[in-house]
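# Tertiary structure, described
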Amino acid sequence: MNFHLTKEQALFEQMIRSFAEKEVKPLAAEVDEQERFPEETVAKMARVGLLGIPVPSELGGAGGNNVMYAQAVEELSVACATTGVIVSAHTSLCIAPILESGTPEQKKKYIPRLASGEWLGAFGLTEPNAGTDASAQQTTAVEDGDNFIINGSKIFITNAEYAHVYIIFAMTDKSQGVKGITAFIIEKGTPGFSFGKKEKKMGIRGSATSELIFENCVIPRENMLGKVGKGFGIAMKTLDGGRIGIAAQALGIAQGALNETVKYIKERKQFGKPLSAFQNTQFQIADMQTRISAARMLVRSAAFKKDQGEKFSADAAMAKLYAAEVAMEVASKAIQLHGGYGYTREYPVERMLRDAKITEIYEGTSEVQKMVIAANLLK
Amino acid sequence: MNIVVCIKQVPDTTEIKINPATGTLIRDGVPSIINPDDKAGLELALRMKDLHDAHVTVITMGPPQADNALREALAMGVDDAIHLTDRKFAGADTLATSHALAGALRNLTFDLIITGRQAIDGDTAQVGPQIAEHLDIAQVSYLRKLDYDGKRTFTIERSIEDGYEILETEAPCLVTVLSDAFQARYMTVKGIMEAYAKEVKVWGFNEIEVKEEDLGLKGSPTKVHKAFSRGVKAAGELYELDTDEAVGTIISKLKEKFII
């Protein structure tokens, strides 16, 4: 048993903290307020290799691992949860399924450009009538010689029009149910592929979230990911990995809220002494820190198991379930300790609570995580 | 072109707290960093690598944990790293340190040696110039800009109190660099993954050309008369605003700190 980071991970922690503090944090309030996608940050992240952390170096990645990827999403989210989810969706939801299920040609074509950050990735499973019940896909893909013709729409798609490559799921055979779902790699600019409504959200407001629309969109067979009818399995496996990223994002939000709180309570004076001198305040931050540390253990252990090639599905579900709860609780307590100031946009903790809520919903709601965890116990 | 950058691992003095009872520095738990002026020196060297395909070697003298600073430099993109460490080097002042570093540099081929202006834990600004003297090469201190003609000649802007001088010199030479002249790049993730796979050469007394009496405590004429701490101030925030905005900003900052 060893709870220490490796030398590489420790050096990476030093780098990512400095990057998040200097490059990401100064923009966090602005991208939230203006609902602006931080393209300049994405370019900076690309330069230092943050968009291809767990990608093998022979495919143009950094040759890192999933623990480092979780460290990155956490530290970015300490500063700005929008930036955290950009990296998470790109890495876990687009790069990972191509790495796991792609042909050598698909890997060669897409991975180096995604890992270098030249292209950003996205993932489209959710539809207006297929949320938690992802098997109820209405988007169709009809075989036509060497092509598939795709029709339908996907909603709430992270990275939206800023992405270049999309992993899209569609029904190739409705009669087969989940065994009739197939995955495709679709590039921006393909005729028949357009963007619909941009969502106005409660939190992670700098993250671009849009509808994707497919109207007689012709996709060559070589862009099919995996085999016909194997799409649902690819989606579920992808989301297992994605949950590590979102758990790390939630953890980062919680840590960010605690950091702000510790700073504030040392400065703010009431009744002639700083808030930090009151025992109630001390007990609150002690609880916050304890839960954050527990969440970090779950996140790191899920990422570590994935790196070892072990089963990690339930671990990732527990990490996401718990870290999301901790993010909500800690951000809420952080506002309480800030008092009225915490409720204003002068301080970042109100943003953190708004950002935290989505971690209980996307990439599987908390209820779905419990289903995964229970199913693992009862099998 | 071959460049050697001399760096020092120092405690991050912005994180250091003073023990109010004794007035001494509390070093426990204070992170170690590459000295900021030296980090700017690394950046200058890496820019020369990008522009002129220079080969960059980094060297440090220090205890075993100084290895971290070398790994960070490797992760930023330097080619080779040398760690000078030996009990005979312990207790060195600036003169003994510069003798050891010069001894190591005699083993290397170089066109340019870069050091930081001064270290944040000692603030002497002596080691760079002393190395140049030991090696009998030209030196330009307080460099803020460097141009290289691709052959032998460097054109250098050197900061002075109320402006700058432009100097020209030939390789080999030594320059000392100011931290705000070159914003250091980040380590890359790939660089970090490779940093520990690379070899750091570890050299002791036997590997370098230097007289034993010039090293360590024996070679250190400096006697510390008294150590005291200056008042520590947090790093300020700098705003460039017009008057109206500036007034608003000041008021909101004062409110934020509950001063008004």
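Structural notes, computed from the coordinates. (Residues numbered from 1 in each chain as written. Chains lettered and ligands numbered in written order. Predicted model: local features only at pLDDT ≥ 70, side-chain atom pairs only at ≥ 80, totals over all residues. Heavy atoms only, no water.)

Secondary structure summary: chain B contains six helices and 13 strands in total. Rg of the C-alpha trace for chain B: 20 Å, near the compact-globule value of 18 Å for 260 residues, within the 12% margin. Once the C-alpha set of chain B is aligned to its principal axes, its extents read approximately 65 × 50 × 40 Å. For chain B, buried positions account for 44% of its 260 residues. A sequence separation of at least 24 residues applies to 70% of the contacts in chain B between residues at least 6 apart. For chain B, the accessible surface area stands at approximately 14,300 Å², while carbon and sulfur atoms represent 50% of it. (Helix = DSSP H or I, 4+ residues; strand = E, 2+ residues; numbered from the N terminus. Rg over C-alpha atoms; globule rule 2.2 N^0.38 Å. Buried < 20%, exposed > 50% of the residue type's maximum accessible area, 1.4 Å probe, protein only. Contact = heavy atoms within 4.5 Å. Areas by Shrake-Rupley, 256 points an atom, 1.4 Å probe, with all protein chains shown as cover.)

For the rest of this paragraph, the subject is the interface of chain B and chain A. Counting residues at the interface gives 15 residues for chain B, matched by 26 residues for chain A. Across the chain B to chain A interface the summed buried area is about 1,800 Å²; carbon plus sulfur atoms make up 68%. Looking only at chain B, the three residues that lose the most surface to chain A are Tyr186(B), Val189(B) and Phe258(B), adding up to 39% of its buried area. Scanning the region where chain B abuts chain A turns up one salt bridge. Our enumeration of links across chain B and chain A arrives at four residue pairs in polar contact (both at pLDDT 80 or more). Sorting the residues of the side of chain B that touches chain A by element identifies helix H2 (67-76) and helix H5 (189-195) of chain B as the ones contributing at least two each. The element contributing the most residues to the side of chain B that touches chain A is H5(B), with five residues. Across the side of chain B that touches chain A, the residue classes tally to nine nonpolar, one polar and five charged. (Buried area = accessible area lost by both parts, 1.4 Å probe. Salt bridge = Lys/Arg side-chain N within 4 Å of Asp/Glu carboxyl O. Polar contact = N/O pair within 3.5 Å; in protein donor to acceptor, adjacent residues only side chain to side chain. Nonpolar A, V, L, I, M, F, W, Y, C, P; charged D, E, K, R; others polar.)

On to helix H4 (residues 127-135) of chain B. Those residues of H4(B) lying buried are Gly128(B), Gln130(B), Ile131(B), Ala132(B) and Leu135(B). The inward-facing, buried residues of H4(B) contact strand S1 (2-7), helix H3 (94-105), strand S8 (112-116), strand S9 (138-148) and strand S12 (173-177) of chain B.

On the surface, Val247(B), Ile251(B), Ile259(B) and Ile260(B) cluster together into a nonpolar patch covering about 380 Å² of accessible area. Residue placement: Ile259(B) occurs in the segment after helix H6 (243-256). (Patch = residues over 30% accessible without salt bridge, like charges linked within 9 Å, V, L, I, M, F, W, Y side chains within 5 Å.)

On to unusual backbone geometry. Peptide bonds are trans in most cases, and residues, glycine excluded, mostly fall at negative phi. A cis amide bond links Ala171(B) with the next residue in sequence, Pro172(B), at an omega value of 0°. Here Pro172(B) is to be found in the loop between strand S11 (163-170) and S12. The backbone phi angle of Glu35(A) is positive, close to 50°, even though this residue is not glycine. For Glu35(A), the location among the structural elements is in the loop between helix H1 (7-33) and helix H2 (39-48).

What follows is about the side chain of Arg243(A). All names here are of chain A. By the secondary structure assignment, Arg243 is in helix H6 (residues 231-267). Here the side chain of Arg243 touches Asp240 through a polar contact of 3.4 Å, side chain to side chain. Excluding residues that lie within four positions of it along the chain, Arg243 makes contacts with Ala316, Lys320, Glu363, Gly364, Val368, Gln369 and Val372.

Here we take up the packing of helix H8 (residues 313-338) of chain A against helix H9 (residues 349-357) of chain A. When two helices pack together, you describe them by how their axes are tilted relative to each other and by the distance separating the axes. Residue and element names in this part refer to chain A. One way to put it is that H8 packs onto H9 with a least axis distance of 9 Å and a crossing angle of 160°. Accordingly, the angle class assigned to the pair H8 and H9 is roughly antiparallel. Crossing of H8 against H9: the hand is left-handed. Across the interface between the two elements, Ala327, Met328, Ala331, Ser332, Ala334, Ile335 and His338 of H8 pack against Val349, Glu350, Met352, Leu353, Ala356 and Lys357 of H9. Split by residue class, the contact of H8 with H9 holds nine nonpolar, two polar and two charged. (Axes fitted to C-alpha atoms, helices over the stretch in contact; angles between N-to-C directions. Parallel < 35°, antiparallel > 145°, perpendicular 65-115°, else oblique. Left-handed = near helix turned anticlockwise from the far one by under 90°.)

Now for the sheet that holds strand S13 (residues 200-203) of chain B. All names here are of chain B. Ordered in space as S11-S10-S9-S12-S8-S1-S6-S7-S13, the nine strands form an open sheet in which the pairing is mixed. Looking at which strands have only one partner, the edges of the open sheet turn out to be S11 and S13. Across the sheet, the axes of successive neighbouring strands diverge by a mean angle of 35°, strand direction being ignored. Of the strand pairs in this sheet, strand S6 (residues 55-61) and strand S7 (residues 80-84) are connected by five bridges, and their pairing is parallel. The partner of Val58 across the bridge, within S7, is Ala81. Running at roughly 165° to S1, helix H1 (residues 36-52) makes contact with S1, S6, S8, S9, strand S10 (153-160) and S12 of the sheet. Its contacts with the sheet put H2 on S1, S6, S7 and S13, and the angle it makes with S7 is roughly 170°. (Pairing = 2+ DSSP bridges.)

Residue and element names in this part refer to chain A. The residue Thr209 is located in strand S7 (residues 209-220) in this model. Of note is the side chain of Thr209, whose polar atom sits 2.9 Å from the side chain of Lys201. Not counting residues up to four positions away in its chain, the partners in contact with Thr209 are Phe156, Ile157, Ala160, Lys197, Lys198, Glu199 and Lys201.

What follows covers the nonpolar core. One recurring pattern in soluble globular proteins: nonpolar side chains tend to sit buried together. Ranked by size, the top nonpolar core spans 114 residues in total, and within it Phe12(A), Met15(A), Leu50(A), Leu42(B), Ile114(B), Phe154(B) and Val175(B) carry the most contacts. With twelve residues, the top contributor of residues to this core is H6(A). Sequence-distant contacts of Met15(A), defined by excluding residues within four places in its chain, comprise Val48(A), Leu50(A), Tyr186(B), Met187(B) and Ile192(B). Ala115(A), Ala134(A), Phe169(A) and Met171(A) belong to the second-largest nonpolar core, a separate cluster that totals 26 residues. (Core = buried A, V, L, I, M, F, W, Y, C linked by side-chain atoms within 4.5 Å.)

What follows covers the packing of aromatic side chains. Each aromatic ring pair is described using two quantities: the centre-to-centre distance and the angle formed by the ring planes. For the coordinates displayed, the defined rule picks out 15 aromatic pairs over all chains. For the pair Tyr110(A) and Trp119(A), a centre-to-centre distance of 6.1 Å together with 40° between the ring planes defines the contact as tilted. Judged by relative accessible area, Tyr110(A) falls into the buried class, the value being 1%. Both rings, one in Tyr341(A) and one in Phe258(B), keep their centres 5.4 Å apart while their planes meet at 70°; by these two values the pair is edge-to-face. Of this pair, Tyr341(A) sits in the loop between H8 and H9 while Phe258(B) sits in the segment after H6, placing the two residues on different chains. Looking at Tyr341(A), the relative accessible area reads 34%, which means it is partly exposed. Site record: aromatic cluster; members linked through ring pairs are Tyr166(A), Phe193(A), Phe195(A) and Phe214(A). Looking at Arg144(B), its charged tip hangs above the ring of Tyr164(B), at a distance of 3.9 Å from the centre. (Phe/Tyr/Trp six-rings, centres within 6.5 Å; stacked < 30°, edge-to-face > 60°. Lys NZ or Arg CZ within 6 Å of the ring centre and 35° of its normal.)

Once that is clear, we can look at the pattern of salt bridges. Tallying each qualifying case throughout the model produces 46 salt bridges over all chains. With a shortest N-O distance of 3.0 Å, Glu40(A) and Arg36(A) are connected by a salt bridge. Of the charged contacts in the structure, one is a salt bridge between Asp111(B) and Arg152(B), with a shortest N-O distance of 3.4 Å. One end of the pair, Asp111(B), is in the loop between H3 and S8; the other, Arg152(B), is in the loop between S9 and S10, with 41 residues separating them in the sequence. Residue class for Asp111(B) comes out buried when judged on its relative accessible area of 15%. Arg152(B) sits in the partly exposed class, given a relative accessible area of 36%. Three or more residues joined by partner-sharing salt bridges are found here, namely Asp32(A), Glu35(A), Lys200(A), Arg205(A), Glu350(A) and Arg354(A).

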